[in-house]
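# Architecture and fold: a report
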Amino acid sequence: MSRAYNFSPGPATLPEPVLRQAQATMLEYGNTGASILEISHRGPDFIAVAQQAEADLRTLLSIPDDYAVIFTAGGATTVQALLPLNFAAPGQACDYVVSGHWGKTALRQAAPCVDARIAASSESGGFRDVPARSQWRLSADAAYVHVTANETIHGVEWRDIPAAGNAPLIADFSSSIVSEPLDVTRFGAVYAGAQKNLGPVGITVLIVRRDLLERSGQPRAPIFDYAAQANAESMLNTPPSWNWYVLGLTVKWMLEQGGVAEFARRNARKAALLYAAIDGSGGYYRNEVAPDARSRMNVPFFLHDPALDKVFLDEAKQAGLVALKGHRVLGGMRASLYNAMPEAGVQALVDFMREFQQAHG
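Residues numbered from 1 in each chain as written. Predicted model: local features only at pLDDT ≥ 70, side-chain atom pairs only at ≥ 80, totals over all residues. Heavy atoms only, no water.

## Focus: the sheet that holds strand 2 (residues 67-72)
Sheet architecture is open: seven strands sit in the order 2-10-9-8-5-3-4, paired in mixed fashion. The outermost strands of the open sheet, each flanked by one partner alone, are strand 2 and strand 4 (115-121). Strand-to-strand twist of the sheet, defined as the mean angle between neighbouring strand axes without regard to direction, takes the value 20°. One ladder, built from three bridges, connects strand 8 (residues 169-172) with strand 9 (residues 189-193); its direction is parallel. (Pairing = 2+ DSSP bridges. Helix = DSSP H or I, 4+ residues; strand = E, 2+ residues; numbered from the N terminus. Axes fitted to C-alpha atoms, helices over the stretch in contact; angles between N-to-C directions.)

If you want it as structure tokens, here you go:
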């Protein structure tokens with residue numbers, strides 16, 4: 001078997017050592033006589049898995065004790081719908097800084113139950129930049145201010161998210177969490193779907209300051225109550241145990257590799273390599289994002305002639321480079337460079353792009 005270099009935006013490539021370890025324990029976990037997929041989430045073996053995953057994530061991101069770590073199913077979009085229910089009063093203002101498709105999605109999820117306001121947006125410019133802090137129009141009584149740290153579709157990333165004033169700042173870090181050091185204490189909450197850097201699709205992490213869990217919020221079922229989830233250690237109901245297990249393996253792998261500081265160095269090198277190839281192609285390839293807002297994780301790019309798109313994708317697949325098709329919103333190409341993508345994969349893509357230009361230029 002020969003694994004391709006997988007540039008998928010999510011579900012994304014996972015570290016091969018993690019996949020092999022998961023494979024090895026698929027039939028039997030430890031001395032349980034059963035697969036990790038089959039053992040009870042209430043039993044001591046899985047509780048040890050869950051507790052170790054949280055402890056390792058806390059170490060990886062230096063999460064202080066006054067923040068709860070909650071693991072849930074449902075994806076980041078579900079978190080977006082639950083944020084206003086847990087942290088805002090009915091009809092209260094909540095400010096959204098919109099820098100791309102997923103920022104708009106977060107706003108849309110909140111709109112049915114709060115006064116969701118656009119504090120700033122870069123949509124008029126095609127989401128090719130982030131809204132400058134001077135453009136933010138924050139509400140005096142906002143329950144929170146929401147930003148999307150990295151936009152996977154438009155390839156826009158906040159390199160330094162500004163302070164939000166008196167309201168707690170909540171950020172969707174789905175596609176950039178653990179890609180570099182993160183000062184969690186600057187935020188009231190951060191959340192992330194796992195399927196980019198943390199593990200497989202099907203589990204989501206919410207890191208939330210404990211005082212926010214004391215807010216009354218709005219009427220909601222207990223299963224949607226984050227305070228109740230925190231008190232139950234994310235086990236109000238049966239959790240996605242396999243996904244939690246693989247997330248734990250992935251976090252441990254990142255610690256063994258040197259932690260977020262090491263991945264920050266790797267990711268900077270990978271992104272610089274690809275952007276240099278695009279910018280140095282003489283216009284054969286182009287990226288339209290403002291240089292200061294270019295994402296390190298998701299790099300959209302376009303060929304000078306869209307008629308070559310299918311040829312590019314077909315030949316790339318033959319070369320062992322897969323999942324490079326751009327999102328339907330933008331078209332073109334997109335390369336996702338998450339933690340598990342090795343530098344050799346990016347170098348292979350850059351080499352292919354150069355050869356493609358020579359062959360089809």
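## Some words on the nonpolar core
In this structure, Leu 57, Leu 61, Phe 173, Val 178, Leu 198 and Ile 207 are the most contacted members of the largest nonpolar core, which totals 58 residues. Sort the elements by how many residues they give to this core and helix 6 (residues 241-257) lands first, with eight residues. Counting 29 residues, the second largest nonpolar core, distinct from the first, contains Ala 68, Ala 76, Tyr 96 and Ala 110. (Core = buried A, V, L, I, M, F, W, Y, C linked by side-chain atoms within 4.5 Å. Buried < 20%, exposed > 50% of the residue type's maximum accessible area, 1.4 Å probe, protein only.)

## Quick look at the side chain of Thr 152
Of note, Thr 152 is situated in the loop between strand 6 (150-151) and strand 7 (156-157). A distance of 3.0 Å separates polar atoms of two side chains, one belonging to Thr 152 and the other to Trp 102. Beyond its immediate stretch of four places on either side in the chain, Thr 152 contacts Trp 102, Ser 175, Lys 196, Asn 298, Arg 334 and Tyr 338. (Polar contact = N/O pair within 3.5 Å; in protein donor to acceptor, adjacent residues only side chain to side chain. Contact = heavy atoms within 4.5 Å.)

## A closer look at the environment of Gly 103
Along the chain, the position of Gly 103 falls in helix 4 (residues 101-110). We classify Gly 103 as buried; its relative accessible area is 1%. In the structure, Gly 103 is positioned 48 residues away from Glu 151 in sequence and 7.8 Å away in space, judged by C-alpha atoms. Residues within four places of Gly 103 in sequence aside, it is in contact with Val 98, Thr 148 and Glu 151.

## Overview of the side chain of Lys 196
Looking at where Lys 196 falls in the secondary structure, it is placed in the loop between strand 9 and strand 10 (204-209). Buried and unpaired, Lys 196 has no salt bridge, with Asp 172 as the nearest side chain of opposite charge at 8.6 Å. Once residues within four sequence positions are removed from consideration, Lys 196 is found in contact with Pro 9, Gly 10, Ala 12, Thr 13, Thr 152, Ser 174, Ser 175 and Tyr 338. (Lys, Arg positive; Asp, Glu negative; His and termini not counted. Salt bridge = Lys/Arg side-chain N within 4 Å of Asp/Glu carboxyl O.)

## Examining the pattern of salt bridges
According to the stated counting rule, one finds 20 salt bridges in the structure shown. Between Arg 266 and Glu 262 there is a salt bridge, and its shortest N-O distance comes to 2.9 Å. One end of the pair is Arg 266 and the other is Glu 262, both in helix 7 (residues 259-279) and four residues apart, which spans about a single turn. An identical accessibility class is assigned to Arg 266 and Glu 262; each is buried. The salt bridge involving Glu 288 is made with Arg 286; its shortest N-O contact spans 2.9 Å. Accessibility expressed as a relative area gives 32% for Glu 288, which makes it partly exposed.

## Examining unusual backbone geometry
Each neighbour pair has its own omega, and for Gly 10 with Pro 11 the value is -5°, a cis peptide bond. For Ser 62, which is not glycine, the phi torsion reads 50° and is therefore positive. Mapped onto the elements, Ser 62 comes out in the loop between helix 2 (44-61) and strand 2. Assessed through its relative accessible area of 59%, Ser 62 is described here as exposed. Its identity as a non-glycine residue notwithstanding, Glu 233 has a phi of 55°, on the positive side. With respect to the element layout, Glu 233 can be found in the loop between helix 5 (226-231) and helix 6.

## Concerning the sheet that holds strand 14 (residues 333-336)
Strand pairs in the sheet, formed through backbone hydrogen bonds, run parallel or antiparallel to each other. Spatially, three strands are ordered 11-12-14 in an open sheet, and the strand pairing comes out antiparallel. In the strand order of this sheet, the two ends are held by strand 11 (285-286) and strand 14, each with one partner. With two bridges connecting them, strand 11 and strand 12 (residues 298-303) associate as antiparallel partners. Residue pairing for strand 12: Tyr 285 is matched across the bridge by Leu 303. Sheet strands in contact with helix 7 are strand 11, strand 12 and strand 14, and its direction is about 15° off that of strand 12.

## Section: a nonpolar patch on the surface
A cluster of nonpolar side chains, contributed by Ile 223, Phe 224 and Leu 236, occupies part of the molecular surface with about 230 Å² of accessible area. Relative to the helices and strands, Phe 224 resides in the loop between strand 10 and helix 5. Here Phe 224 falls in the partly exposed class, since its relative accessible area comes to 38%. (Patch = residues over 30% accessible without salt bridge, like charges linked within 9 Å, V, L, I, M, F, W, Y side chains within 5 Å. Areas by Shrake-Rupley, 256 points an atom, 1.4 Å probe, with all protein chains shown as cover.)

## Quick notes on the packing of aromatic side chains
Evaluated as defined, the whole model comprises 16 aromatic pairs. Ring geometry for Phe 312 and Phe 352: centres 5.2 Å apart, planes at 70°, overall edge-to-face. On the criterion of sequence distance, the pair formed by Phe 312 in helix 8 (residues 309-318) and Phe 352 in helix 9 (residues 343-360) is long-range, its members being 40 residues apart. By relative accessible area, Phe 352 is classed as buried at 7%. When the centroid spacing of 5.9 Å and the interplanar angle of 40° are considered together, the rings of Phe 352 and Phe 356 count as tilted. (Phe/Tyr/Trp six-rings, centres within 6.5 Å; stacked < 30°, edge-to-face > 60°.)

## Quick word on the state of the cysteines
Under the counting rule described, the total for this entry stands at zero disulfides. Of the cysteine sulfurs around Cys 113, a residue in no disulfide, the closest is that of Cys 94, at 7.8 Å. The class of Cys 113 is buried, set by a relative accessible area of 19%. (Disulfide = S-S within 2.5 Å.)

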